[in-house]
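Understanding the architecture of this molecule
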Amino acid sequence: MKKKLQSIVLAFMMALTVAVAPVGGVITGNGNVAVIEAASQKTINTFTINSLYNSYRKVTGKGLRGAKVKAYSQGRLIGSATVRSNSTYSISIPKQPAGRTVTIKISKSGYKTRSKSVTVKKDRTSGVSTKYVYVNGGNSKSKIYHKTAHAHNMEGAIKMTEKQAKARGYRACKRCW
Ligand SMILES: [Zn+2]
């Protein structure tokens, strides 16, 4: 009996809360108070995002020390961190494809939340392993590939990718590497 009464009271209170509470706000009983509080929020001045490449597993930058930074991709949270005492942050994220927009939101109590976005760049230096090598051309029949076209006075070298050279039965020159 007592339990039932409690649950009725609870349900009533919940209904009341839903009816009275303003959207996303606190009941102050005075609209002006809320406005003044919003205006007194400080601005986060230190906030940058470093270049982000499609090979990276983290997004880094600078921010207000102690602030929370959250990374979003396509509206989904992909990682978060806290800005270190040296004003830098590093958020671990899954690799993002080139062209994708990643948004960082920075927030701290007493400060206005800010957000910035970066476009993921294509990393041309890593990931794509198109390493070129030079195999013997001309009269040489050795099945060895070299680092440069004229290694060991080689003539008529044939340029191909290391993958192609290996597929054709060539092996790396021990003097070049
Ligand atoms: Zn060599």
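See above for the structure.
Note on numbering: residues in each chain are counted from 1, in written sequence order. For a predicted model such as this one, the threshold for reporting local features is a pLDDT of at least 70, and the threshold for listing and counting side-chain atom pairs is 80 or more; totals across whole chains, interfaces and linings nevertheless cover every residue. Based on all heavy atoms of the structure, the side-chain values leave hydrogens and waters out of the count.

Structural notes on the sheet that holds strand 5 (residues 88-92)
Hydrogen bonds along the backbone pair up the strands of a sheet, which may run parallel or antiparallel. Taken in spatial order, the three strands of this open sheet run 1-2-5, and their pairing is antiparallel. Since the sheet does not close on itself, it has two edges, and those belong to strand 1 (47-49) and strand 5, each with one partner. On average, adjacent strands in this sheet sit at an angle of 25° to one another, irrespective of strand direction. In this scheme, strands are said to pair when DSSP sees at least two bridges between them. Helix and strand assignments come from DSSP, with helices taken as H or I runs of at least 4 residues and strands as E runs of at least 2, each series counted from the N terminus. Judged from the three bridges that link them, strand 1 and strand 2 (residues 58-63) form a sheet pairing that is antiparallel. Its bridge partner lying in strand 2, Phe 47 is registered against Gly 63. Axes, fitted as lines to C-alpha atoms, cover a helix only where it is in contact. Angles between the N-to-C directions of the axes lie from 0 to 180 degrees.

Comments concerning the coordination of the zinc ion
Because no water is among the atoms considered, metal sites can look incomplete, with donors defined as N, O and S atoms within 2.8 Å of the metal, or 3.2 Å for Na, K and Ca. Distances from the zinc ion to its protein donors, His 146 (ND1), His 152 (NE2), Cys 173 (SG) and Cys 176 (SG), fall at 2.0 to 2.3 Å. For a four-donor site, all angles between 85 and 135 degrees give tetrahedral; for four or six donors, opposite pairs above 155 degrees with the remaining angles between 65 and 115 give square planar or octahedral; all remaining cases count as irregular. Each of the four donor atoms around the zinc ion contributes to a set of angles spanning 102 to 118°, which defines the coordination as tetrahedral. Motif for the zinc ion, donor spacing along one chain: H-x5-H-x20-C-x2-C. The buried label goes to any residue with under 20% of its type's maximum accessible area, the exposed label to any with over 50%, and the partly exposed label to all in between, with areas taken from a 1.4 Å probe on protein chains only. The buried category is assigned to His 146, whose relative accessible area is 7%.

Some points on unusual backbone geometry
You will see that His 152, though not glycine, has its phi angle at about 55°, which is positive. Structurally, the position occupied by His 152 is in the loop between strand 9 (144-146) and strand 10 (158-161). A residue is classified by how much of its surface remains accessible, and His 152, at 36% relative accessible area, is partly exposed.

Some points on the packing of aromatic side chains
When two rings of Phe, Tyr or Trp (its six-membered ring) have centres within 6.5 Å they constitute a pair, described as stacked for plane angles under 30 degrees, edge-to-face for angles over 60, and tilted for the intermediate range. Considering all chains together, one arrives at two aromatic pairs under this definition. Both rings, one in Tyr 145 and one in Trp 177, keep their centres 5.6 Å apart while their planes meet at 70°; by these two values the pair is edge-to-face. Placement of the pair is Tyr 145 in strand 9 and Trp 177 in the segment after strand 11 (171-172), with a sequence separation of 32 residues. We count a charge as sitting over a ring when the NZ of a lysine or the CZ of an arginine lies within 6 Å of the ring centre and within 35 degrees of the ring normal. Positioned above the aromatic ring of Tyr 72 is the side chain of Lys 105, whose terminal nitrogen or guanidinium carbon lies 5.0 Å from the ring centre. Sitting above the plane of the Tyr 132 ring, Lys 159 keeps its charged end 4.6 Å from the centroid.

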